Amino acid sequence: MSDKIPEGNRSARERLAQQREREKGRDKRRRTLIVSSAVVGVLALAAVVGLIAANVGKDGGSDSASGPAITPSGATGEDSLTLPVGASDAPSTLTIWEDFRCPVCAQFENAFRDTITELVEAGQLKVDYHLATIIDGNLGGKGSLRAANAAACAQDVGKFAPYHDVLFRNQPPEPDDAFAKNSRLIELAGEVEGLDTPAFRTCVESGEHDSWVQKSDTAFREGGFQGTPTALLNGESIFPKKGDEQISVENLKKWVAEANKGKKPGTATPSAPAS
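Please read these numbers as outputs of a predicted model, since none were measured by experiment. (Residues numbered from 1 in each chain as written. Predicted model: local features only at pLDDT ≥ 70, side-chain atom pairs only at ≥ 80, totals over all residues. Heavy atoms only, no water.)

Cysteine pairs can be covalently joined through their sulfur atoms, and such a bond is termed a disulfide. All chains considered together, the criterion is met by one disulfide. Paired by a disulfide, Cys153 and Cys203 hold their sulfur atoms 2.1 Å apart. Between Cys153 and Cys203 the disulfide shows an S-S torsion of about -85 degrees. By sign, it is left-handed. Here Cys153, found in helix α4 (residues 143–156), pairs with Cys203, found in helix α7 (residues 198–206); they are 50 residues apart in sequence, far enough to count as distant. Across the pair, Cys203 and Cys153 agree in class, each one buried. (Disulfide = S-S within 2.5 Å. Helix = DSSP H or I, 4+ residues; strand = E, 2+ residues; numbered from the N terminus. Buried < 20%, exposed > 50% of the residue type's maximum accessible area, 1.4 Å probe, protein only.)

This is how it looks when you write it as structure tokens:
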């Protein structure tokens, strides 16, 4: 038997081989098109995600401050992280760490605000406020940061204490991140006489003190505190109790009186922050 392929069969096989090559080429081009389309889709999705990310928080300033920490006017203490209220030479100091989204902080403020104000006005006590943003970290959002920045803006014009009180009186429910809206913080500033000014609005909208707030929060986290509120009378924890005694209005007055025994009330008026 001859090992040669008949001419007719050879032509048929060549045509079949050529057809298969053409089909392979079409399959390759089709696969390339599918892969290219997928890549374009991913890039388009990334662009959409990027657009969404860029627009998140337009009402809330920057989420992660990268600039230098701009200290509020009149801030004192280590690294200028203290917002003082009361006579600087008062015989006792109440140090308070708070988060404007923290519901227990609001309960503490609403229960003891009048007593603390009375002791401050009598020169028996000065209060060193420190701000933290732990609720933002625990629940997500940025209301703690935005509110703290706004409070620091109020400090710039000597309005921290009344604005601080307004924020806690109007605190939203913990899961509601209403303080993330600068418009809400500016609206509440209207309840403090002379605070809602163009300078205050610019400070709030730009997140001027965001880096300072984050620096304060870092100090809180590195300070070994258990949570907010943290209240220390002359360095000793008094919340929720001091030793074996539970905190109360009566006990707070008693503890301050005991600490101040034989000492003169403070009279030094804090220097007014720059306008």
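Here the narrative resumes.
Next up on the list: unusual backbone geometry. Look at the link from Thr228 to Pro229: it is a cis peptide, with omega at 0 degrees. By the secondary structure assignment, Pro229 is in the loop between α8 (210–222) and β4 (230–233). Cis geometry marks the peptide bond from Phe239 to Pro240, where omega comes out at 5 degrees. When you line up the elements, Pro240 lands in the loop between β5 (236–237) and β6 (241–242). With phi around 60 degrees, Asp79 is a residue other than glycine that occupies positive phi space. For Asp79, the position within the fold is in the loop between α1 (7–55) and β1 (83–85). One non-glycine residue, Ser80, lies in the positive phi region at around 55 degrees. Judged by relative accessible area, Ser80 falls into the partly exposed class, the value being 25%.

Attention now moves to the nonpolar core. Core analysis: the largest hydrophobic core is formed by 56 residues, its most contacted members being Leu94, Phe100, Ile116, Tyr163, Leu167, Phe200 and Ile238. It is α4 that provides the largest number of residues to this core, a total of eight residues. (Core = buried A, V, L, I, M, F, W, Y, C linked by side-chain atoms within 4.5 Å.)

Once that is clear, we can look at the pattern of salt bridges. Applying the stated rule across the entire model yields ten salt bridges. Close ionic contact of Arg221 with Asp217 constitutes a salt bridge, the shortest N to O distance being 2.6 Å. Of this pair, Arg221 and Asp217 both sit in helix α8, four residues apart, which is roughly one turn of the helix. You can call Asp217 buried: its relative accessible area is 8%. (Salt bridge = Lys/Arg side-chain N within 4 Å of Asp/Glu carboxyl O.)

Each aromatic ring pair is summarised here by two numbers: the centre-to-centre distance and the angle between the ring planes. In total, this model carries eight aromatic pairs according to the counting rule given. An aromatic cluster is defined as three or more aromatic residues linked by ring pairs; in this entry it consists of Trp97, Phe220 and Phe225. (Phe/Tyr/Trp six-rings, centres within 6.5 Å; stacked < 30°, edge-to-face > 60°.)

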